[in-house]
Amino acid sequence: MSRITSLLLATTLVAVASIPSLGLATELKEVWRAEGLRQPESVLFDPERNVLYVSNVDGGPTDKDGKGYIAKLTPDGKVETAEWVTGLNAPKGLGLYGDRLYVADVDRLVVIDIGTGEISKVYEAPDAKFLNDIAVDKDGRVFISDTLTNTIYALDGDAFGVWLRSAELAAPNGLYPDDGRLIVASWGKGEMMSAKPDHLRTVDLDSKEIANLGDGTPIGNLDGLAPDGAGDFLVTDWVAGALFRVQPSGKAERLLDLNQGTADLFYRSDEKLVMIPFMNDGVLVAYRLEP
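Residues numbered from 1 in each chain as written. Predicted model: local features only at pLDDT ≥ 70, side-chain atom pairs only at ≥ 80, totals over all residues. Heavy atoms only, no water.

Looking at the pairing of strand β7 (residues 100-105)
Put simply, the rule reads: The cut-offs for exposure are 20% and 50% of the maximum accessible area for each residue type, with area from a 1.4 Å probe on protein chains only; residues under the lower value are buried, those over the upper are exposed, and the others partly exposed. Secondary structure follows DSSP: runs of H or I at least 4 residues long count as helices, runs of E at least 2 residues long count as strands, and numbering of each begins at the N terminus. At least two bridges found by DSSP between two strands are what make those strands a pair.
Counting buried positions over the six residues of β7 gives five, a clear majority of the element. In terms of strand pairing, strand β6 (residues 91-97) meets β7 through five bridges, oriented antiparallel. Paired with P91 across the strands is D105, a residue of β7. Linking two consecutive strands that pair antiparallel, namely β6 and β7, is a turn of two residues; a positive phi of about 60 degrees is found at G98 within it. Two elements, β7 and strand β8 (residues 108-113), share five bridges in a ladder whose sense is antiparallel. By the bridge assignment for β8, V103 is matched with V110.

Structure follows, in structure tokens:
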């Protein structure tokens, strides 16, 4: 087992660097859970087809063994097709545009034709070490974070390559395009399981200037990122296991205490449901986020 694999798949809680108290809200209500998944990392709702896609690593996070797969679920968490797309390596982030599903798969961006469930194209990123989260803007430009190299890749039309590389990104993970900027959830600097807690950053889509979102107060080792539909952001902490709501000022409210392995969430504002994959537990859980 590689060093990265042993670090990221550890199920024993580790000591987390001290951070300011963020406040714990009333525990949210669990609505449903999908079990029997194999290291689920990311979930994405497809409103046109009314299904959920869930990426499953099924092995080490950098393994290239072809064991990774994507499951298709109903909106209420029932498994529709357990292994809808197979032959992936360690699939993580998912992105949707038209009839294409984009998948971050270690060192390549995989494009799936949703109509056929077949891989239609692969973009290689030989210098990437840990392609992680994906975000697609309104024009179909695809952004992919490479957490271990402080890099964000982009697919623009058919051109694919490094869009930004900077240590200031502090191990970029979750991404979200927002009004001329890219919001970035940073894992933090240092070894993955002992990295210092970090926060949200912004990257100007034109100038590529990097800035803190708000005052830059540390939140956690951030993974998933999604807007809550009311101007704030929902983020998960993979290492400590937590869900936060973060205001544009950077102020964070801890909504849930969860298990280590809390991964790349999706929020359905119409249902007020936040769906969170738990890699170490093999489940996808939906919680009701009250206004």
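What about the nonpolar core?
Put simply, the test is: By nonpolar core we mean a set of buried residues, namely Ala, Val, Leu, Ile, Met, Phe, Trp, Tyr and Cys, connected to one another through side-chain atoms within 4.5 Å. We call two residues contacting when some pair of their heavy atoms lies within 4.5 Å.
Ranked by size, the top nonpolar core spans 16 residues in total, and within it L234, L243, V274, I276 and Y287 carry the most contacts. Mapped by element, the contributors of at least two residues to this core are β21 (252-257), β23 (273-278) and β24 (283-288). Those residues in contact with L234 that sit more than four places away from it in its chain are G224, L225, A226, D228, L243, F244, R245, L255, L265, Y267, V274 and L289.

Overview of the side chain of D228
Condition: Definition of a polar contact: a pair of N or O atoms within 3.5 Å, with one able to donate and the other able to accept a hydrogen when the atoms are protein atoms, and with sequence-neighbouring residues admitted only if both atoms are side-chain atoms.
Take D228: it is sitting in the loop between β18 (222-227) and β19 (233-237). Looking at D228, its side chain comes within polar contact range of the main-chain nitrogen of A230, at 2.8 Å. With residues up to four places along the chain from it excluded, the contact list for D228 reads F233, L234, R245 and Y267.

Some points on the packing of aromatic side chains
Definition in use: Between rings of Phe, Tyr and Trp, where Trp is taken as its six-membered ring, a pair exists when centres lie within 6.5 Å; planes separated by under 30 degrees are stacked, by over 60 edge-to-face, and by other angles tilted. Here, a charge over a ring means that NZ of Lys or CZ of Arg falls within 6 Å of the ring centre while also lying within 35 degrees of the ring normal.
All chains considered together, the criterion is met by six aromatic pairs. Residues Y53 and W84 carry aromatic rings whose centres are separated by 5.2 Å and whose planes lie at 20 degrees to one another, so their mutual orientation is stacked. You can see Y53 sitting in strand β3 (residues 51-56) and its partner W84 sitting in strand β5 (residues 79-88), a full 31 residues away along the chain. Taken individually, Y53 and W84 each receive the classification buried, so the pair is uniform in this respect. Arranged with centres 6.0 Å apart and planes meeting at 35 degrees, the rings of W187 and W238 form a pair that is tilted. Taken together, the residues W187 in the loop between β15 (181-186) and β16 (200-204) and W238 in the loop between β19 and β20 (242-246) connect sequence positions 51 residues apart. In this structure, W187 and W238 share a single accessibility class: buried. Taken together, the ring pairs connect Y123, Y153 and F160 into an aromatic cluster. The ring of F130 has K92 sitting right over it, with the charged end atom 4.5 Å from the ring centre. Taking NZ or CZ as reference, R268 lies 3.9 Å from the ring centre of F45, over its face.

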